[in-house]
Protein chains: 2
Amino acid sequence: MAQKKQHCDCLSTIKPVRDTLDVINGKWKLPIIISVGVGNDRFTDIQESIPGITPKVLAKELKDLEQHKLITRIVADEYPVKITYKLEPYADTLTPIIYALKDWGENHRKVVTER
Amino acid sequence: MAQKKQHCDCLSTIKPVRDTLDVINGKWKLPIIISVGVGNDRFTDIQESIPGITPKVLAKELKDLEQHKLITRIVADEYPVKITYKLEPYADTLTPIIYALKDWGENHRKVVTER
DNA sequence: GATAGTACTTTCCTAAAGGAAAGTAAGATT
DNA sequence: AATCTTACTTTCCTTTAGGAAAGTACTATC
């Protein structure tokens, strides 16, 4: 019988990780969720709280996040019409991810400056 | 005094999160770390363990991960020359992130199929 | 009537990511 | 001598992400 070394299976981890990445992928989605979560609910406030984001990108990402049921766009029927963004409760399930990324980033900065 | 509503500050969270994303961004880096972490140490094994990855992309991502000191490329001075990839101990610090992403992805799959 | 603020959209462009297919260099095997 | 295996590289191409700048529609305020 020919010796045939096989690769180790890791699909049970890779698949769900990829599913998550498909949702929160990119440079801006998590920063937007963080900003809205902390209380920024107006377009301009969100924009100003995230350095470097342009209105075009923000508008596009907000639409993506709406489609994934992570954020709601609320149009208040007042004068003047007021548009606010809120996190869906489902977005709170991202908290462990956000903290894991935050902690790692803080530590990584130390590691890199000491290298 | 004019009423000037200001956006809420969330840079202390956004900045480290972005630092982390700069390192592990993209579709392939975490899957590669997972695969190598589980024992796949040869190029071909890693490639076969990650569905859809092409050799070009794998080669490029492995170089990126080497630069970030997350993976080492080891050339064994044997005949035939054998090249293996190993996780650096530093890559273990990514474990909480990987589990957070895995857990969320598993739950999200349930949520989406029930919707 | 002019200016300012809010929440975007539009246009145009560049860079990076990703993929398909084939090629290659070196040694090993038949 | 021919084929196989390993670890890639090369070429070519498409898609996606991202950014700069200006514009717009509406309302409010001076």
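This text follows the structure it describes.
Residues numbered from 1 in each chain as written. Chains lettered and ligands numbered in written order. Predicted model: local features only at pLDDT ≥ 70, side-chain atom pairs only at ≥ 80, totals over all residues. Heavy atoms only, no water.

On to the relation of the copies chain B and chain A, then. The relation between the two copies of this chain is a rotation about an axis and a shift parallel to it. Between chain B and chain A, the superposition needs a rotation of 180° and an axial shift of 0.0 Å, giving an RMSD of 0.0 Å. The two molecules are tied by a two-fold rotation axis, judged by turn and shift. Within chain B, the C-alpha atom positioned nearest to the axis of rotation is that of Ile97(B), 3.2 Å from it. By residue overlap, the copies meet face to face through one surface: 100% of the interface positions of chain B are interface positions in chain A. (Least-squares fit on C-alpha atoms with pLDDT ≥ 70 in both. Contact = heavy atoms within 4.5 Å.)

Let's shift gears to unusual backbone geometry. Residues and elements named next belong to chain A. Even without being glycine, Lys69 reaches a positive phi, approximately 60°. Secondary-structure assignment places Lys69 in the loop between helix H4 (55-67) and strand E1 (71-76). Residue Lys69 is classed as partly exposed on the basis of its relative accessible area, which comes to 46%. (Helix = DSSP H or I, 4+ residues; strand = E, 2+ residues; numbered from the N terminus. Buried < 20%, exposed > 50% of the residue type's maximum accessible area, 1.4 Å probe, protein only.)

Let's shift gears to the pattern of salt bridges. Scanning all chains against the criterion turns up 10 salt bridges over all chains. Linking Lys29(B) and Glu61(B) is a salt bridge whose minimum nitrogen-to-oxygen distance equals 3.1 Å. In this pair, Lys29(B) is assigned in helix H2 (residues 29-37) and Glu61(B) in helix H4 (residues 55-67), connecting sequence segments 32 residues apart. Across the salt bridge formed by Lys86(B) and Asp41(B), the nearest N and O atoms sit 3.5 Å from each other. With Lys86(B) in strand E2 (residues 82-87) and Asp41(B) in the loop between H2 and helix H3 (43-49), this residue pair connects regions lying 45 residues apart in the sequence. On the basis of relative accessibility, which here comes to 40%, the residue Lys86(B) falls in the partly exposed class. Using a relative accessible area of 17% as the deciding quantity, one classes Asp41(B) as buried. It is possible to trace a salt-bridge network through shared partners that takes in Lys29(A), Lys60(A), Glu61(A) and Asp64(A). (Salt bridge = Lys/Arg side-chain N within 4 Å of Asp/Glu carboxyl O.)

Right, let's talk about the nonpolar core for a bit. Membership of the largest hydrophobic core comes to 58 residues, with the highest contact counts inside it found for Ile32(A) and Ile32(B). Contributions of two or more residues to this core are made by helix H1 (11-24), helix H2 (29-37), H4 and helix H5 (95-114) of chain A together with helix H1 (11-24), H2, H4 and helix H5 (95-114) of chain B. Sequence-distant contacts of Ile32(A), that is, excluding residues within four places in its chain, are made with Ile50(A), Ile53(A), Leu58(A), Glu61(A), Leu62(A), Leu65(A) and Ile71(A). (Core = buried A, V, L, I, M, F, W, Y, C linked by side-chain atoms within 4.5 Å.)

Turning to the state of the cysteines, a few remarks are in order. On inspection of all chains with the given rule, the structure shows zero disulfides over all chains. Looking at Cys8(A), it has no disulfide partner, and the nearest cysteine sulfur is the one in Cys10(A), 7.7 Å off. (Disulfide = S-S within 2.5 Å.)

Near DNA strand C lie 17 residues; those nearest to it are Arg42(A), Arg73(A), Tyr85(A), Lys27(B) and Lys56(B). Here, DNA strand C places atoms within 4 Å of the protein, and 58% of those atoms are sugar or phosphate. Between a phosphate oxygen of DNA strand C and a side-chain N or O atom of Tyr85(A), the distance comes to 2.5 Å. Trp28(B) places a polar side-chain atom, nitrogen or oxygen, 3.5 Å from a phosphate oxygen of DNA strand C. Looking at the surface near DNA strand C, the elements with two or more residues in it are helix H3 (43-49), H4 and strand E2 (82-87) of chain A together with H4 of chain B. Counting residues per element, the surface near DNA strand C draws most heavily on H4(A), at four residues. Of the residues assigned to the surface near DNA strand C, the class counts are seven nonpolar, two polar and eight charged. (Near = heavy atom within 4 Å. Polar contact = N/O pair within 3.5 Å; in protein donor to acceptor, adjacent residues only side chain to side chain. Nonpolar A, V, L, I, M, F, W, Y, C, P; charged D, E, K, R; others polar.)

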